[in-house]
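Here are the chains, one letter per residue:
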Amino acid sequence: MIKKFFILIYFACLFISKAQNLGDLDTSFGNNGVTEYYIGGGNTSSLWKGFSGEKLTVLPDNRFFYTGSTHWGCSGSTDWGDILARFTKDGSPDLEFNNQQSYYFDYKGYYNVITLCKDGKYLVETSKGFQKMDINANFDENFGIDGAAEDVAGYSFYDFKELSDGSFIIIGNKYDVYRNYFPVIYKYTSNGILDTSFGNNGIVFFNDKKNWVFDKVEVTTIGDIFIVGGKPVDPNDNSSTRMQSLIVHKLNKFGEPINTFGQNGYYISNIYKYQNYYYNEVFCHLDGDGLIISGDGYSTLLPSSKKIYMLKIQDNGLASNFSNGFKNIPLYMSCDDVFFHNNKLYIFGTGPTSQVFLTVRFDLNGNLDNNYNNNLGYVQFPGYNLGLGNADISIQDGKLLFGQQFSFTVCAQSNQKTAIRRFYFDEASLSSDEINLSKSIKLFPNPASDVIKIKTENKTSEITLLANDGRKIPLKQHYENGHFILDISQLSKGVYYLDILFKNERVKKSFIKK
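Residues numbered from 1 in each chain as written. Predicted model: local features only at pLDDT ≥ 70, side-chain atom pairs only at ≥ 80, totals over all residues. Heavy atoms only, no water.

(A) Spotlight on the overall build of the protein. Along its length, the protein carries three helices and 36 strands. Out of the 514 residues in the protein, the part that is buried amounts to 53%. When contacts within the protein are restricted to residue pairs at least 6 apart in sequence, long-range pairs at least 24 apart make up 52% of them. Within the structure as shown, the protein displays about 24,100 Å² of accessible surface, and the carbon and sulfur contribution to it stands at 50%. (Helix = DSSP H or I, 4+ residues; strand = E, 2+ residues; numbered from the N terminus. Buried < 20%, exposed > 50% of the residue type's maximum accessible area, 1.4 Å probe, protein only. Contact = heavy atoms within 4.5 Å. Areas by Shrake-Rupley, 256 points an atom, 1.4 Å probe, with all protein chains shown as cover.)

What follows is the structure, given as C-alpha cells:
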C-alpha cells in the first residue's frame, strides 16, 4: 500500500514538472525544441554553406516559409545566393517542397517579404521584382510583365499593403547622387501593372520632401492610405542614421492628400525617432476607428531618452480615449516587432542584453497589462547559442515562432546558421486540452465563398472572426441542425481566422475566402 502511494506521488510530481509556463520552449517542435537550419549539411565539399534567416511567414496549415541567404565556400563573406525554404508545422525541412530539397536557391538574387494575397497566392520580392507564386513556389507567368510586376527602376522598397480589390500599394525611397533621398508611393493593379489612375501614371513622387522617409503603410476598407514615417530635424542630414520627427500622411485612393487630416494631410508628432538605411523601428495597425502606431522613440533629441511609445491617430488627431505616449515597460527592451493576438496588442523586442528577448502586452486602449505572466508584466525568452541580435517572429497555432541567426565555424572560417524555436507566450497556448478540442472541430468548406459551417461535439459559447492581422470583424452566425453557420459572403478574398471560445478553452481555426 505504501509502495503504491509513493508511486502515485512520483507520477503526480512528474506531471506537475511538465506543466508549461509562459516563456517555456515547446519541446515538441524540431529536435527537442529547436531546428538548426543551414545549407550544406556539414558536408565540407558542398559549395554552399550556412543560412542567414531573414523573414518567417506562417501558412494557413501552420507550415511556414523562411527566406534568407547562404554563402559560397568556407567563408561567409564571399559569394552568396538567396534561399526560399519551407518547413513542416513541427519545424522539420519540408521534403515535399521542390523535389525533396525543401528549398529554392537563387544565385546572387534574393527572396524577400512573402505575403498571402486575397487570391490565395503569395506576393514575394525576388531578384526580378515583385512576383506571385503558389504554395509550392510555382510563379504566375501571367502576373505583371514576364511574370514580375512592372519595373520601377531606382526605388528602394520599404513596405506594401494589398487593397480589397487585390491591387497593392508600395512605399519606398529614391536616392540622388548626393545620397539624399526622397519618398515615393506607387500602386499596382492586381495583375502587377502600374495603376495609371493613381498619382502620375501609378507613382506619387515627393520631390519637395528632402530626406523624409516613409516607413510603413496601411490601407482602410474604403481605400484611404495612411503612411507613417519621419520628417528630418535637419533636412540636409543625409547620414546613414539621422533624427526625425514622427509623421503620419493620409491620402485617398487616387494618391491625393486628404487635406482635412492634420495640416494639409500631415500629422507631425512631438516624438522623435532615429532613421537607419537598413531598418526602421515603426509599426502600425488599423483598429476600426484609427491607426495605432508604436516603436522606439525619443522625447528629446538625446539618444539616452529612448523609450517605447504608442499612439492612436484619428481624423482629428490623437484619439482621446487611448493611452497615448511613452510606456513604462517593466524591463528595458527595444521594439523589434508588434502584433495582434486574441484581441491584445503585443510588443516583441530585445531585452537588456542581446541574449534576452521579451514580449509585453497591451489592451486596445494602449494600456500596459501589468498582470501579464503572473503580474510580472512581461515574458522572457532566452537567446540561442550566443546568437546574433537579428531575429524574426511569427505566430503559429497560438505560439511564438522565433528564428534567430547564430555563428558557427566550418573549414576554420565563420559562417551562420539559423535556429528556429517555438515558445508559449500567452495563457491560451498553455491549455493541455487545446489540441484535442481543435481536432474535434470540423470546419467546411475551406476555401469557401458564402458560408462556413462548424461541426463540433463541444458546445460553443462564442465565435469571433479575425482578420489576418488580428483585428475583429463583425460576423453573422446562427445554429442549425448541429452546425454553426457563418455568413462570410461580404468578406473580401483572403485568409481569416475563427477564434472559438468554449466554456474553459479557446481554439483558433483558419479559412480562405475565395
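(B) Fine view of the environment of Asn 173. Summarising the element assignment, Asn 173 is placed in strand S10 (residues 168–175). Measuring from C-alpha to C-alpha, the distance between Asn 173 and Pro 183 comes to 4.3 Å, with ten residues separating the pair along the chain.

(C) Local environment of the packing of aromatic side chains. Scanning the entire structure with this criterion turns up 32 aromatic pairs. Here Lys 209 stacks its cationic end above the ring of Trp 212, 5.3 Å away from the centre of that ring. The positively charged end of Arg 421 is found above the aromatic ring belonging to Phe 402, 5.2 Å away from the centroid. (Phe/Tyr/Trp six-rings, centres within 6.5 Å; stacked < 30°, edge-to-face > 60°. Lys NZ or Arg CZ within 6 Å of the ring centre and 35° of its normal.)

(D) Structural view of the sheet that holds strand S7 (residues 122–126). Read from one edge to the other, the open sheet built from three strands follows the order S6-S7-S8, with strand pairing classed as antiparallel. Two strands close off the open sheet at either side, each with one partner strand: strand S6 (111–116) and strand S8 (129–133). When the angles between neighbouring strand axes are averaged without regard to direction, this sheet yields 25°. Sheet analysis places S7 next to S8, joined by five bridges and oriented antiparallel. By the bridge assignment, Tyr 122 is partnered in S8 with Met 133. (Pairing = 2+ DSSP bridges. Axes fitted to C-alpha atoms, helices over the stretch in contact; angles between N-to-C directions.)

(E) View of the sheet that holds strand S22 (residues 337–341). Strand order in this open sheet of four strands is S22-S23-S24-S25, and the pairing throughout is antiparallel. Two strands bound the open sheet, and with one partner strand each, they are S22 and strand S25 (379–382). Geometrically, the sheet is characterised by an average inter-axis angle of 25° between neighbouring strands, direction not taken into account. Where strand S23 (residues 344–350) meets strand S24 (residues 356–362), six bridges bridge the pair, whose relative direction is antiparallel. Across the sheet, residue Leu 345 finds its bridge partner in S24, namely Phe 362.

(F) View of the pattern of salt bridges. Across all of its chains, the model carries 18 salt bridges by this definition. Salt-bridge contacts for Arg 422 lead to Asp 26; the nearest nitrogen and oxygen are separated by 2.9 Å. With Arg 422 in strand S28 (residues 413–423) and Asp 26 in the loop between helix H1 (2–17) and strand S1 (34–37), the pair connects residues that are 396 residues apart, well separated along the chain. Each member of the pair, Arg 422 together with Asp 26, is buried. The partner of Lys 306 in a salt bridge is Asp 296, with the nearest N and O atoms 3.8 Å apart. Linking Lys 306 in strand S19 (residues 306–314) with Asp 296 in strand S18 (residues 291–298), this pair joins segments that are ten residues apart in sequence. Judged by its relative accessible area of 23%, Lys 306 is partly exposed. Accessibility expressed as a relative area gives 2% for Asp 296, which makes it buried. (Salt bridge = Lys/Arg side-chain N within 4 Å of Asp/Glu carboxyl O.)

(G) Spatial organisation of the confidence of the model for the protein. Mean pLDDT over the protein: 83, with 85% of residues reaching 70 or higher. Confidence, read as mean pLDDT per element, is least for H1 in the protein (45) and greatest for S24 (94). For the stretch residues 5–17, pLDDT sits under 50, and the model shows zero contacts to residues farther than four places along the chain or on other chains. (pLDDT = per-residue confidence, 0-100.)

(H) Layout of the nonpolar core. Judged by nonpolar contacts, the single largest core of 20 residues is most densely connected at Met 310, Ile 329, Met 333, Leu 345, Ile 347, Val 360 and Phe 362. At the level of secondary structure, the elements contributing two or more residues to this core comprise S19, S22, S23 and S24. Considering each element in turn, this core owes the most residues, four residues, to S24. Those residues within four positions of Ile 347 in sequence are excluded, and the remaining contacts are Ile 308, Met 310, Met 333, Cys 335, Asp 337, Val 338, Leu 358, Thr 359, Val 360 and Phe 362. In this structure, Ile 185, Phe 198, Phe 214 and Val 219 belong to the second largest nonpolar core, which totals 19 residues. (Core = buried A, V, L, I, M, F, W, Y, C linked by side-chain atoms within 4.5 Å.)

(I) Region of interest: unusual backbone geometry. In this model, Phe 444 is joined to Pro 445 through a cis peptide bond whose omega is -15°. In this structure, Pro 445 sits in the loop between strand S29 (442–444) and strand S30 (451–455). Backbone torsion omega between Asn 446 and Pro 447 reads 10°, so that peptide bond is classified as cis. Within the secondary structure, Pro 447 sits in the loop between S29 and S30. Phi is positive for Asn 98, close to 55°, though the residue is something other than glycine. On the secondary structure map, Asn 98 appears in the loop between strand S4 (80–87) and strand S5 (103–107). When its relative accessible area of 18% is taken as the criterion, Asn 98 is described as buried.

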